[in-house]
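# Examining the three-dimensional arrangement
Here is how the chains run, residue by residue.
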Amino acid sequence: QVQEFTNFTTPTLVALGQVKAAAMEMLGQAHRVSALGPFGESVPPDAGTAAQERAEAQERFEKARGRCEEWLKVYAGAANDPAHRTVAKMLSEATTTIAERGRELMALGRQGAEEGAVVAKRRELSVAERRLIKLIDTPMLFELVELKRRTAAVSRSVTQAVTLSMVAVAILGLLAVGLGAFIAGTIARPIIKPGIILLGVHYV
């Protein structure tokens with residue numbers, strides 16, 4: 001039981017959590033780049049500063065994309081049944097969509113596209129985000145329930161093992177005492193019997 005949820009359930013939960021965190025980082029940086037454009041809410045007064053911030057955000061976006069791909073490989077490697085392999089494939093497609101829409105949104109921000117085009121692309125990115133979150137949260141909830149179930153099963157097994165060990169020790173102790181008394185009586189009887197007869201005591 002311990003080996004099963006250590007080798008599969010826990011790595012799966014960690015991988016899903018890291019994929020979600022990396023995807024959220026991608027989304028945040030994509031929106032940040034688009035906000036630095038002419039239609040953003042936080043347009044810096046210095047164009048050089050805006051370009052630097054945009055470059056930093058794009059770099060963080062690509063790093064987050066790399067982490068996302070790495071953790072997707074971890075999840076796919078831990079998948080031990082067709083259902084999880086299907087989820088891994090769907091997650092890969094969903095994160096690819098987010099990466100593509102995020103890059104398109106950042107490109108619109110850099111190009112100073114019309115506000116309508118930026119808003120439409122943000123809407124597409126939001127749809128992709130909701131789909132990804134649903135894809136991640138469903139197996140995470142399942143794995144959490146499974147982890148609790150397995151933990152409870154392990155706890156019951158440990159309790160039963162401890163109880164059985166205590167009973168076994170008590171039984172062995174009683175057997176040891178009884179066997180010791182029997183052996184002591186067997187050894188002592190030939191020695192004690194002549195002494196009792198000498199004293200005139202009838203020994204039965």
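Residues numbered from 1 in each chain as written. Predicted model: local features only at pLDDT ≥ 70, side-chain atom pairs only at ≥ 80, totals over all residues. Heavy atoms only, no water.

## Some points on the overall build of the protein
Keep this limit in mind: Numbered from the N terminus, helices here are DSSP runs of H or I no shorter than four residues, and strands are runs of E no shorter than two. In this analysis, two residues are considered to be in contact whenever any of their non-hydrogen atoms come within 4.5 Å of each other. Surface accessibility in these figures is a Shrake-Rupley result with a 1.4 Å probe; residues are shielded only by whichever protein chains are displayed.
Check the secondary structure of the protein and you find 4 helices and 0 strands. Shown N-terminal to C-terminal, the secondary structure of the protein runs as helices and strands in the order α-α-α-α. Excluding contacts between residues fewer than 6 apart, the proportion of contacts in the protein whose partners are at least 24 apart in sequence is 77%. Of the roughly 12700 Å² that the protein leaves accessible, carbon and sulfur atoms contribute 64%.

## Here we look at helix 3 (residues 82-111)
We apply this condition: Take the number of residues in a helix, subtract one, and multiply by 1.5 Å to get its expected span.
Given a rise of 1.5 Å per residue, 30 residues ought to cover 44 Å, and the 44 Å separating the end C-alpha atoms of helix 3 matches this to within 8%. Downstream of helix 3 by one or two residues, Gly112 has phi in the positive range, about 65°.

## What about the confidence of the model for the protein?
Counted only if it meets this: Per-residue confidence from the predictor is given as pLDDT, running between 0 and 100.
A residue-level look at the protein finds 80% of positions with pLDDT of 70 or above and a mean pLDDT of 79. The element-level mean pLDDT for the protein is lowest in helix 4 (residues 115-198), coming to 78, with helix 3 highest at 89.

## Considering the side chain of His84
Take His84: it is sitting in helix 3. Setting aside its immediate chain neighbours within four residues, His84 contacts Phe8, Tyr75, Ala79, Phe142 and Glu143.

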